[in-house]
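Per-entry structural report
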Amino acid sequence: MEFDTKFEPHYGEAVPVADKLLRLTVNNPGPFTFHGTNSYILGTDTLAIVDPGPEDEAHYAALLKAIAGRPVSHIFVSHTHRDHSPLAARLKAETGALVMAEGPHRSARPLRIGEINPLDASADTDFAPDHALADDELVQGDGWAVRAIHTPGHCANHVAFAVEDTGILLSADHVMAWATSIVAPPDGAMSDFMASLDRLAERDDAVYHTGHGGPVTNPRAFVRGLRTHRKMRERAILERLKAGDRIIPEIVAAIYRDTDPRLHGAAGLSVLAHLEDLVARRLVAADPEPSIDAVYRPA
């Protein structure tokens, strides 16, 4: 599928992207964050902040400048990776806003014996919301309303935010225009990710404003393409196993040969996510059980 990598971050500047919606991009570019993490300001009089971002002094100052002394009633956090949630605490202290999220950070599954979580460093384990958002919960604000859509997969507590009666979904890291979302066990799970894609495919949103990069302007077609892309990756993994590959580095070397080598570690975790799902569906066998170091074969 085709991704859209055209994006001007306008660091430090609040960019209007829709009626009553501003985007501010953190100056934290990298192979996993693209040009940086997007924060959003919703409303005109009393505001909501969506994904305040990492502990970054310049971004904090830019947010306060864009807020311009207006009251902030809510801070919505899509998930607890360190490029999205940590600044919520300072903004809450500054504004008195309620912090809303699905819940504290957690893994999609328990760690197995001897396993470490390679994404521990990216988890904001200090985060605790004032209110845990139920799936499909509607939060009313001043001239706006936000509906929480639980979308686990990239992270166990990932949630997207639909701005009611606008056609806008703030999709955070679940769906992005510039690249596929990272699904890395035990932080995330491929079965959850695919189910969340199916859920979004049933909606009729007009545009996704995303956690990194620019908008997704044809969401239904794009989500179908993402699902097809993941199924093609699954088939490629099964084909490599049939060809004799038995360990994840062999599979990565074959099917990610054109990928930036800096992303091969993440690619290995993505392959593991697919393999966990395939083992659960009894299409693949693992010895001793699915892990980054296990030996795999067709079932």
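Throughout what follows, the structure given in this document is the object of discussion. Given the structure is predicted, the values throughout are model-derived calculations rather than measurements.

**Quick look at the sheet that holds strand β2 (residues 21-25)**
- Read from one edge to the other, the open sheet built from seven strands follows the order β1-β2-β3-β4-β5-β6-β7, with strand pairing classed as mixed. Only two strands of the sheet have a single partner each, and these edge strands are β1 (15-18) and β7 (131-132).
- Bridging between β1 and β2 involves three bridges; their strand directions are antiparallel. Across the sheet, residue alanine 18 finds its bridge partner in β2, namely leucine 21.
- The sheet strands contacting helix α2 (residues 88-95) are β4 (47-50), β5 (72-76) and β6 (98-101), and the helix crosses β5 at an angle near 170 degrees.

**Structural notes on the sheet that holds strand β8 (residues 138-140)**
- With mixed pairing, the five strands of this open sheet are ordered in space as β8-β9-β10-β11-β12. Each edge of the open sheet carries a strand with a single partner, namely β8 and β12 (207-210). Between one strand and the next, the sheet's axes are offset by a mean angle of 25 degrees, whatever the strand orientation.
- Inspection of the sheet shows strand β10 (residues 159-163) paired to strand β11 (residues 168-172) by three bridges, in the antiparallel sense.

**Digging into the nonpolar core**
- Counting 20 residues, the largest nonpolar core has Ile237, Ile255, Val271, Leu275 and Tyr296 as the members making the most contacts within it.
- Looking at this core, the elements that each hand over two or more residues are α4 (219-242), α5 (248-255) and α6 (264-280).
- The element contributing the most residues to this core is α6, with six residues.
- Among residues more than four places away in sequence, those in contact with leucine 275 are Ile237, Leu241, Ile248, Ile251, Val284 and Tyr296.
- Counting 19 residues, the second-largest nonpolar core is a separate cluster that includes Ile49, Ala66, Leu87 and Phe127.

Cut-offs applied
- Residues numbered from 1 in each chain as written.
- Predicted model: local features only at pLDDT ≥ 70, side-chain atom pairs only at ≥ 80, totals over all residues.
- Heavy atoms only, no water.
- Pairing = 2+ DSSP bridges.
- Helix = DSSP H or I, 4+ residues; strand = E, 2+ residues; numbered from the N terminus.
- Contact = heavy atoms within 4.5 Å.
- Axes fitted to C-alpha atoms, helices over the stretch in contact; angles between N-to-C directions.
- Core = buried A, V, L, I, M, F, W, Y, C linked by side-chain atoms within 4.5 Å.
- Buried < 20%, exposed > 50% of the residue type's maximum accessible area, 1.4 Å probe, protein only.

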